[in-house]
Amino acid sequence: MAAGCRARAPGLPLRLLLLLAALCVGAGAEDGRCDYYELCPATQPSMLNVHLLPHTHDDVGWLKTVDQYYYGARDGIQHAGVQYILDSVVSALLANESRRFIYVEIAFFSYWWNQQTVQMQEEVRQLVCQGRLQFANGGWVMNDEATTYYAAIIDQMTLGLKFLKDTFGDCGRPRVAWHIDPFGHSREQASLFAQMGFDGYFFGRLDYQDKQRRKIQKEMEQVWRASANLRPPQADLFTGVLPNGYNPPMDLCWDVLCFDYPVVDDPDSPEYNAKTLADYFLNISAVQAQYYRTNHIVMTMGSDFHYENANMWFKNMDKLIHMVNAQQSKGSLINVLYSTPACYLWELNKANLTWTVKQDDFFPYADGPHQFWTGYFTSRPALKRYERLSHKFLQVCNQLEVLAGSAALAGPYGQGSSARLRQAMAVAQHHDAVTGTSKQHVANDYARQLAAGWEKCQVLVSNALANLGGSKEDFVFCNQLNISVCPLTQTANRFHAILYNPLAWSITWPVRLPVKNWAYHVKSPSGQTVPSEVIDVFSERSKNSHPELIFSALVPPLGFSIYSVTHLPSKTPKFRDCCSSPGARTSGRLVIQNEHLRVTFDPNTGLLQEIENLHQGLRLPVSQAFYWYNASTGDFEHPQVSGAYIFRPERTKPFILRHWVNTHLVKKGLVQEVHQNFTAWCSQVVRLYPGQRHVELEWTVGPVPVVDGWGKEIISRFDSQLKTNGRFYTDSNGREILERRRDYRPTWDFNQTEPVAGNYYPVNSRIYITDGQIQLTVLTDRSQGGSSLRDGSLELMVHRRLLLDDNRGVGEALLEPGDEPGTGLVVRGRHLVLLDTVEAAAAGHRLQAQREALAPQLVLAPAGQGTPYSPGTPTLTQFSGLRKELPASVHLLTLARWGPNTVLLRLEHIFERGEGGLFNLSQPVTLDLQDLFSAFTINHLEETTLSADQLLSKATRLQWRTSTGGGPAPVQRAPSLDPSAVTLQPMEIRTFLASVVWSKERER
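Residues numbered from 1 in each chain as written. Predicted model: local features only at pLDDT ≥ 70, side-chain atom pairs only at ≥ 80, totals over all residues. Heavy atoms only, no water.

The helix and strand inventory of the chain stands at 16 helices and 49 strands. Taken over C-alpha atoms, the radius of gyration comes to 29 Å for the chain, in line with the 30 Å a tight globule of 1004 residues would show. Dimensions of the chain, computed from the C-alpha atoms along their principal axes, are close to 100 × 75 × 55 Å. Every one of the 1004 residues in the chain was classed for burial, and the buried ones make up 64%. Of all intrachain contacts in the chain linking residues separated by at least 6 positions in sequence, the fraction that spans at least 24 positions is 75%. About 35600 Å² of surface is accessible on the chain, with carbon and sulfur atoms providing 51% of the total. Here the chain contributes 94 positively and 98 negatively charged side chains, and the mean placements of these two sets differ by 5 Å. (Helix = DSSP H or I, 4+ residues; strand = E, 2+ residues; numbered from the N terminus. Rg over C-alpha atoms; globule rule 2.2 N^0.38 Å. Buried < 20%, exposed > 50% of the residue type's maximum accessible area, 1.4 Å probe, protein only. Contact = heavy atoms within 4.5 Å. Areas by Shrake-Rupley, 256 points an atom, 1.4 Å probe, with all protein chains shown as cover. Lys, Arg positive; Asp, Glu negative; His and termini not counted. Charge placed at Lys NZ, Arg CZ, Asp CG, Glu CD.)

Listed below in structure tokens is the structure:
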């Protein structure tokens, strides 16, 4: 037991409880660390030890909203009340010192904690200090692993782990990652967990074929080498597959939600079953042990929203433990005990075995033949886009909170805060949120939480911009620019366009604004005239047109530029944008071009025909069109249908939406576009701006018609003659790239039952194909499912509208409503297409992916209405928070307020080893942080683990022997930190807590 931990005595005075709790938070070694594993229960070395893991899995939204789950509302949907679960569990733990429990979802726990009395909080601290209540995972939520962006994963984990550290000290820090419900597992997720300092990782779901093979070969537990770039064991993570998903063994579920028989241990009772249950338990333990390598196994004793009456569970488990262990006197060699995942992991580590190594990932996941969980890679595409935009806006909010100091939180626009959006974004990472696998009213609530977070951040951003720029303006956030709606720009004769750049590199960005007239004058921050044009944008849907102003803005790193726009008196232009007649009747070539690219369209069909990289001299015939898969309703082979989780097409060949399209050509000095109209519900604009090294495809899909009784899954497909040998490549959560092969799995002989869905993978930010010389890359603006189902081809699913539920629990068809009653959702998005040599490709897609994820934030204001921020304050039209921009291979991943005078800083090398060789971008980079920022000065710097909850100099992890050779690596202490020489290796993220002093200008 750690120093300062004591057993609870009945009626212990509150003052003494507070003293013991204070000792608990600092318990353990002299450096304040907790003797975590020393708190584990004793085991029997000569016996099979069965670790019972009491737990509850509390979805942060799914069938009910977050609040409905917490309070136990709307029982008609699902009986679940998290507040009662936590009340009951704590009471049951306090009643018996042998009992243990783990909790995971800090979004719920933190809310419950803040509603407790001081005495209850101190009693819970004692449970944590004693190791009887342990936290596993520790993120705000148990995030999804397929559709989540790596930076958002880091943010949500940091939020939860910071709460645990602040509340419980080192004894509250989880040692084990616990992802029992996500539907497949990414390599990058494991890498991030390792970099956060976790000792191990347990999950419940993996492909049914993979699990069967692992049981036979005793590979249910192994070391996951989760990075091809970081030096082992930096991203190595011991990983275990739980035996029953996350549910109890059959007939051993004693929750109010279960129907299994209780333990009746009175031999005089006609219901007596103790002997039968004990024998049954001994038998299933022996069977399970056959698939694992040590004399320790686990049984998960809990499930979704279990333990609302914890006494039911614990009373029956108390009896089970007593009955089974009593058999030892009769020769039984099985010992059963209350335990936790961390304590089980500790026993595995002490076994000192050599473990096999895994280097790929666990996608896609299938729980049976024809049952591939690859539909959710795309489900609810609008929510997926809103989540990605919200991530960007949260970074803008975080950065401006640092750059403007306290003035961002309280200013002329009110009380600003990043906290609400930070929590809403964390909730959105939940494995039923961004995945699109919740009920519709729950999806609406996720969006509501994000919108509420935006409101508080908009106040903060307004305060910060006024402070940094020295002028109080009537700031306007036009959040409907994706549908060309902005009341200010469509009514005002004069206005300012303020662009804030959250990247640490300067950026040139095309600005497009809906306006009311045809001539405007645009001035740069220095007062120079900026070339601008107004184009006539025609909408096939509304059958009318509207003018849009276009100009190019240059924005400094981590800063803003203010452009002034003034209407010039003018009549409607005499010459409209040049047009072509409907595609099937067009003669001659249809071409758009800039200095880098030439894009050619088929004159007979209007479809994309060829892309040419002018600098590299590359020409690739490539076509693109939209297709749809008919969603399966089940067949004679298998009843599985396509739904929110599952993708199962009726046939392997999709239907083309249209063989030819109506086209409309726009050729201006600042943009060239081909507008393609496929159907009344599908259109696309293929676009090139000057200086742009990618082709932009802006697609609009929906409402997807289902009146024919067919659910539809819409794809954008690119076809070329590249010889790709069955291989294609996708990113892992936006970072490292993994090779994919059709109808193949790296670690077992794969039996393919769904040639389309079984080859779909999550595409978080990019997918590409290559013949070894030429590379065709497509960047996405949100997570989507994608594949290459034949050589030279790649496809991305952009929308789904389905008529049946896929029987995975949500109980609803994926029929998202549109603006009008009875209509479906319209979705708009972008694909960015890059054509390059293999040697040059990474430089293009790595940098452009960051520009896409963290595009400049546009804020508007009517001109002439600003007032000085304070007397004598100079007005700035341009500002940068950096004294110099970072090298191209280094990304400023996080800049956020951590404490009154402390800043959280993360820097990331965005290239893999061997990438960007043509431009030398995959080499280590050394930075000087001392004089990097203009708004503040760093006077002390400490390096931490990725989640910022441990100093790197004091962080240790359990070490494991692997089959790749050698024993456990020696513990390597972090080298002394020199802020003037911080080196980043390829794909390395370094995290710092910086004590800062704001400049006097920021203190005004």
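This part is about the nonpolar core. L52, F109, W178, F281 and Y307 are the most contacted members of the largest nonpolar core, which totals 172 residues. The element best represented in this core is helix 6 (residues 150–168), accounting for ten residues. Each residue touching L52, except ones within four places of it in the same chain, is listed here: F281, M299, M301, M317, L320, I321, V336, L337, Y338 and S339. I498, W509, V534 and L905 belong to the second largest nonpolar core, which has 94 residues in total. (Core = buried A, V, L, I, M, F, W, Y, C linked by side-chain atoms within 4.5 Å.)

We describe a pair of aromatic rings using the distance from one ring centre to the other and the angle between the two ring planes. Counted according to the given criterion, the structure contains 56 aromatic pairs. An angle of 75 degrees between the planes, with centres 5.0 Å apart, marks the rings of F109 and F135 as edge-to-face. Within this pair, whereas F109 is found in helix 4 (residues 106–113), its partner F135 is found in strand 3 (residues 133–135), the two being separated by 26 residues in sequence. For F109, a relative accessible area of 1% gives the class buried. (Phe/Tyr/Trp six-rings, centres within 6.5 Å; stacked < 30°, edge-to-face > 60°.)

Helix 5 (residues 118–129) packs onto helix 4 with a crossing angle of 135 degrees between their chain directions and a minimal axis gap of 11 Å. Here helix 4 lies oblique to helix 5, going by the angle between them. Taking contact as the criterion, the partners of F109, W112 and W113 in helix 4 are, on helix 5, M120, Q121, V124 and R125. (Axes fitted to C-alpha atoms, helices over the stretch in contact; angles between N-to-C directions. Parallel < 35°, antiparallel > 145°, perpendicular 65-115°, else oblique.)

Each packed pair of helices is defined by two parameters, the angle between the axes and the distance between the axes. Where helix 6 contacts helix 7 (residues 187–195), the two axes come as close as 11 Å, and the packing angle between them is 40 degrees. Taken together, helix 6 and helix 7 sit at an angle that is classed as oblique. Crossing handedness for the pair helix 6 and helix 7: right-handed. In this structure, helix 6 contributes Y150, I153, I154 and M157 to the contact, and helix 7 contributes Q189, L192 and F193. Tallied by class, the residues present in the contact of helix 6 with helix 7 amount to six nonpolar, one polar and no charged. (Left-handed = near helix turned anticlockwise from the far one by under 90°. Nonpolar A, V, L, I, M, F, W, Y, C, P; charged D, E, K, R; others polar.)

Moving on, we come to helix 5. Residue pairs spaced three or four apart in an α-helix point in one direction, given the helix's 3.6 residues per turn. The terminal C-alpha atoms of helix 5, which comprises twelve residues, lie 16 Å apart, in line with the 16 Å expected from a rise of 1.5 Å per residue. Counted residue by residue, helix 5 has nine buried out of twelve residues, so it is predominantly covered. Those residues of helix 5 that sit buried are Q121, E122, E123, V124, R125, Q126, L127, V128 and C129. (Expected span 1.5 Å × (residues − 1).)

In space, the three strands of this open sheet follow the order 16-20-19, with antiparallel pairing throughout. The sheet terminates laterally at strand 16 (507–514) and strand 19 (532–539), the two strands that pair on one side only. Strand-to-strand twist of the sheet, defined as the mean angle between neighbouring strand axes without regard to direction, takes the value 30 degrees. Pairing analysis gives eight bridges linking strand 19 to strand 20 (residues 544–555), with the strands arranged antiparallel. Bridge pairing in strand 20 links F538 to S545. (Pairing = 2+ DSSP bridges.)

Under the definition given, this model contains five disulfides. A disulfide bridge connects C40 with C343, and the sulfur atoms are separated by 2.1 Å. Across the disulfide from C40 to C343, rotation about the S-S bond amounts to roughly -90 degrees, and the bridge is consequently left-handed. With C40 in the loop between helix 1 (14–25) and strand 1 (48–54) and C343 in helix 11 (residues 341–350), the pair connects residues that are 303 residues apart, well separated along the chain. Overall, the relative accessible area of 1% leaves C343 in the buried class. (Disulfide = S-S within 2.5 Å.)

Relative to the helices and strands, R648 resides in the loop between strand 25 (618–630) and strand 26 (655–656). In this structure the side chain of R648 is engaged in a polar contact, spanning 3.0 Å, whose partner is the backbone oxygen of H638. (Polar contact = N/O pair within 3.5 Å; in protein donor to acceptor, adjacent residues only side chain to side chain.)

Scanning the entire structure with this criterion turns up 44 salt bridges. Where E219 meets R213, a salt bridge forms, and the shortest distance between an N and an O atom there is 2.7 Å. Considered together, E219 and R213 belong to a single accessibility category, that of buried residues. Notably, a salt bridge pairs R735 with E908, separated by 3.0 Å at the nearest N-O pair. Of this pair, R735 sits in the loop between strand 32 (727–731) and strand 33 (737–741) while E908 is found in strand 44 (residues 902–909), placing the two residues 173 residues apart along the sequence. Neither residue differs from the other here; R735 and E908 are each classed as buried. In this structure, a network of salt bridges that share partners links the residues R512, E548, E673, R687, E696, E698, R830 and E852. (Salt bridge = Lys/Arg side-chain N within 4 Å of Asp/Glu carboxyl O.)

On the basis of which strands lie adjacent, the open sheet formed by five strands has the order 4-5-7-6-11 and mixed pairing. Strands at the two margins of the open sheet, each flanked by one partner only, are strand 4 (176–179) and strand 11 (357–358). Against the sheet, helix 7 engages strand 4, strand 5 (200–203), strand 6 (221–225) and strand 7 (236–241), with an angle of about 120 degrees to strand 7.

Attention now goes to unusual backbone geometry. The amide bond that connects P232 to the next residue, P233, takes the cis arrangement and shows omega of 5 degrees. Here P233 lies in the loop between strand 6 and strand 7. The peptide bond linking F363 to P364 adopts the cis configuration, its omega dihedral lying at -10 degrees. Despite not being glycine, N352 shows a phi value in the positive range, around 55 degrees. Along the chain, the position of N352 falls in the loop between helix 11 and strand 10 (354–355). Owing to a relative accessible area of 44%, N352 belongs among the partly exposed residues under this scheme. Here D743, not a glycine, exhibits a phi torsion of approximately 55 degrees, which is positive. Following the sequence through the fold, D743 ends up in the loop between strand 33 and strand 34 (761–763). For D743, a relative accessible area of 41% translates into the label partly exposed.

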